[in-house]
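# Structural features, examined
What follows is each chain in one-letter form.
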Amino acid sequence: MIPGGEYVEQTAGDGTRTMVYRAVERVPQTWQIFSAFFKGFVDKADIIIFTLIIGGAFWIVNDSRAFDVGTMTFLRKARRLESNSLIRKVGIDNLMLVCIMLMFSIFGAVFGMSEETIPFCMVLVPMAISMGYDSITGVCMAFVAAGLGFAGAILNPLTIGIAQSLSGLPLFSGIEYRLFCWVVINTIGFAWILRYANRVKRCPESSVVYHDDNYWRELHTDTSMEVEFRTPRAAWGCYLFLAAVQIVFAFRYPETSLKIGNSVFEHLPLIPVLAGAFTVLSVFLLRKSVHFFIMNLLFFTIFYLIVGVMGYGWYIAEISTLFFALGIFSGVANGKGPNELVQLFLAGCKDMMSAALVVGLAGGIIVILKEGRIIDTILHNLAAGMDGLGQVATVSVMYAIQTLINLVMPSGSAKAALTMPIMAPFAELIGMSKQAAVMAYQFGDAFTNLLTPTSGVLMAVLGVSHIPYDKWFRWAWKFILFMVLLGLLLLIPTVLVPMNGF
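Keep in mind that this is a model prediction, so the values were computed, not measured. (Residues numbered from 1 in each chain as written. Predicted model: local features only at pLDDT ≥ 70, side-chain atom pairs only at ≥ 80, totals over all residues. Heavy atoms only, no water.)

The number of helices and strands found in the chain is 21 helices and four strands. Taking 23 Å as the expected radius of gyration for a compact globule of 502 residues, we find that the chain reaches 24 Å, a close match to that expectation. For the chain, the C-alpha atoms occupy an extent of roughly 75 × 60 × 45 Å along the three principal directions. Across the 502 residues that make up the chain, the buried fraction comes to 52%. Looking at the chain alone, contacts between residues at least 24 apart form 76% of all its contacts between residues at least 6 apart. (Helix = DSSP H or I, 4+ residues; strand = E, 2+ residues; numbered from the N terminus. Rg over C-alpha atoms; globule rule 2.2 N^0.38 Å. Buried < 20%, exposed > 50% of the residue type's maximum accessible area, 1.4 Å probe, protein only. Contact = heavy atoms within 4.5 Å.)

Below is the structure:
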């Protein structure tokens, strides 16, 4: 049904190179369809393996309950600030809400925290009700805040990392504007949530889930997490080994040239500073509990990720190795044996397998389009259909398409594999930055995750929080619509304003 076509490069007499479309003979795909799935897996093998390794590593980290301990320790320390008169004027509850949401937003922006928010809702929802709020506020503190950070996606390897690699862009390029977007999204999102929370606190009956929250009021749930604070000998062994490795690398790489966008900062002693900070800080944390040491491993993994990508050109293989090491050393420090580590890692891979399969299937679809010689025809007709719309209208249409797709396909990595091989070349054809297409994917992949019933994480969060979906929808739809419109406004500068990485 679709005629064959391809783009070919032509060089003018002055040396200018342009891409010209021409019709070619069709190559109908019949039995080849059955082999396309295999070819798609081969073509996307690096991304599939990357996805599985990330899932396995974080499953091991989650098993240690380090996230639980870190969050609850923060809550206890925040309560001690009530004695400060200045903080009392600002409102300790408001300050706590902002700090908790900021922490989860950072996790969402850096490594795509999503499923990990489910157990925290079981803690933060009754805590929010005990503070005079409602269960929706408790869900906002963890799940919604992580979703806002996910929309900012400063360093999220499972969304931005995959989308940029598929688009042929430097990994995490354009971080300056993404950081600005993250600040704007969080500022406005947090303000909306605080306004709602304070209204509920003044008039609890105004909450749409006021009667549903009787479950928590009658339960009198203890908001503390029962965790055994301990430091196995294996944790000290991990510390000594990792400290020794980092000290060796500190001597080997005493200076680093850090590239941020088009700016280069040279002769920075980043690795020696990180090695020294890890060596000293880990001693104090290990004396408290292995959970704090594992959180420390996570944070330093993120720091080394930034240095590796921006200073040494790390790509998917190196980042996969880094997170794989995080998972292994977290498990060993937690006292897990080889068999337990393998079981946990496989459980994490199993959790990510559906996304990995979709990535391979999406790759197979692209194989069919390419071998059938129709993908360029589709791009050509898309370009012709939007000809004259202008770049603002084009990026808006891309954003709308990604948002609609997200309603039925919440998996960010799978959606990137399906859409970016088409969207990125299309953007390039009409003279628009491929980075703008990635940003359209980034925003389109995020906001509706907080509303669509096809999201398993959302339904699990509402289930453990005892919030009926219809009442969540009544509260959330205006907020999500507002954030979608905000995302559209933030996309406009990507095609109108010259910026690093765009």
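Across all of its chains, the model carries 22 aromatic pairs by this definition. Seen in terms of ring centroids, Phe241 and Phe329 are 5.8 Å apart; in terms of plane orientation they differ by 25 degrees. Their pairing is stacked. Here Phe329 lies in helix α14 (residues 316–333) and Phe241 lies in helix α11 (residues 233–252), a separation of 88 residues in the sequence. Judged by relative accessible area, which is 22%, Phe329 ranks as partly exposed. Members of the aromatic cluster, joined through ring pairs, are Trp192, Tyr196, Trp472, Trp475, Phe479 and Phe482. Just above the ring of Tyr210 sits the side chain of Arg217; from NZ or CZ to the centre is 4.4 Å. The aromatic ring of Phe292 is capped on one face by Lys288, whose charged end is 4.5 Å from the ring centroid. (Phe/Tyr/Trp six-rings, centres within 6.5 Å; stacked < 30°, edge-to-face > 60°. Lys NZ or Arg CZ within 6 Å of the ring centre and 35° of its normal.)

A few words now on the packing of helix α7 (residues 135–152) against helix α21 (residues 469–496). Packing of α7 against α21 brings their axes to within 13 Å, and their N-to-C directions diverge by 35 degrees. The crossing of α7 and α21 is right-handed. Together, Ile136, Val139, Cys140, Val144 and Leu148 of α7 and Trp472, Trp475, Phe479 and Met483 of α21 make up the contact between the two elements. Residues belonging to the contact of α7 with α21 are distributed by class as follows: nine nonpolar, no polar and no charged. (Axes fitted to C-alpha atoms, helices over the stretch in contact; angles between N-to-C directions. Left-handed = near helix turned anticlockwise from the far one by under 90°. Nonpolar A, V, L, I, M, F, W, Y, C, P; charged D, E, K, R; others polar.)

The full count for this structure, using the stated rule, is seven salt bridges. A salt bridge links Glu6 to Arg373, with the shortest nitrogen-to-oxygen separation between them at 3.2 Å. Of this pair, Glu6 sits in strand β1 (residues 5–11) while Arg373 sits in the loop between α15 (338–371) and α16 (375–385); the two residues are 367 residues apart in sequence, bridging distant segments of the chain. The class of Glu6 is buried, set by a relative accessible area of 18%. (Salt bridge = Lys/Arg side-chain N within 4 Å of Asp/Glu carboxyl O.)

Keep in mind these numbers describe shape, not what the thing actually does.
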